[in-house]
Amino acid sequence: MAATGPAEDTGMQEEWRARVLADPGLVLDDSELMRALVLTSERAMGGNVVDLRSMAMERLESRLARLEETHRAVIAAAYENLSSTNQIHRALLRLLDAERFEDFVMDLGGSVAEILGVDAIRLVLESAEPGGGLGKLDAILRVRKPGYAEHYMRAGRPAPARPIVLRQGVPPSSGPYGEVAADLRSEALMRLDLGRGRLPGMLAMGSEDPHRFKPGQGTDLLAFFTGTFERVLRRWLS
């Protein structure tokens, strides 16, 4: 291997110097290189001199790291919100395509549940008359006594239930899910206003994921879904 001579070393140094002067970002954008330069400067000043530049650099690096983390979190939240919005729109379009009430109910527990990424959907309608003879709709549609939706959504609390309730835990076996309740770990409950002269209803969504629905999550999209669902259901019940 040929040895590098002094003239060649000088040429490389001059070339590197010219590149840095032409584009200082080559050094400034390299955190490891900048740190090495600051440390070299500190050693040259001796141990009795405190250089605040390294402290400032550490703070700036820390702030930059937090900014990048926040940036990633904002992008992730925006993407998740967009994805959820698309799911809601697709699910509602599926329900609007139903040509019979039977198809409407069965799609709710089938393709709509799949689109929304939940493991169980149940439609609860209150009636003073006992619900019987529903056939295959009984797998999705539940007919309960007046006051059932309010009682279930309150879960024994004295305060009135909110229009949308998100909670974690295994739903009771007496709830709307039937046998599959034992596999569920969270649920979203939406009260349905079916119009003047009609008893209220409830739409229940259950998930095996304990973090799918939990208190504190935003409910704007679920509120939009519920409002549209109510309007479609009223037409079927009229």
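Just so we're clear, the structure is a prediction, and the values are computed from it rather than from any experiment.

Quick question: what am I supposed to make of the sheet that holds strand S4 (residues 186-192) here?
Whether parallel or antiparallel, the strands of a sheet pair through hydrogen bonds between backbone atoms. The strand order across the open sheet formed by five strands is S2-S1-S5-S4-S3, and the pairing between neighbours is mixed. Edge positions in the sheet fall to strand S2 (141-144) and strand S3 (164-168), since each has one partner strand and no second. When strand polarity is set aside, the average angle formed by the axes of neighbouring strands in this sheet is 20°. Sheet analysis places strand S1 (residues 120-126) next to strand S5 (residues 201-207), joined by six bridges and oriented antiparallel. Opposite Leu125, over in S5, you have Gly201 as the bridge partner. Here helix H5 (residues 101-116) sits on the sheet and contacts S1, S2 and S5; the angle it forms with S1, its principal contact strand, is near 145°. The sheet strands contacting helix H7 (residues 220-237) are S1, S3, S4 and S5, and the helix crosses S4 at an angle near 45°.

What exactly am I supposed to notice about the side chain of Glu187 here?
Its location among the elements puts Glu187 in strand S4. Look at Glu187 and you get buried, because its relative accessible area is 2%. Among the polar contacts listed, one links the side chain of Glu187 to the side chain of Tyr177, at a separation of 2.8 Å. Those residues in contact with Glu187 that sit more than four places away from it in its chain are Tyr152, Val165, Leu166, Arg167, Pro171, Tyr177, Met205, Gly206 and Phe213.

Reading the values: rules and limits
Residues numbered from 1 in each chain as written. Predicted model: local features only at pLDDT ≥ 70, side-chain atom pairs only at ≥ 80, totals over all residues. Heavy atoms only, no water. Pairing = 2+ DSSP bridges. Helix = DSSP H or I, 4+ residues; strand = E, 2+ residues; numbered from the N terminus. Axes fitted to C-alpha atoms, helices over the stretch in contact; angles between N-to-C directions. Contact = heavy atoms within 4.5 Å. Buried < 20%, exposed > 50% of the residue type's maximum accessible area, 1.4 Å probe, protein only. Polar contact = N/O pair within 3.5 Å; in protein donor to acceptor, adjacent residues only side chain to side chain.

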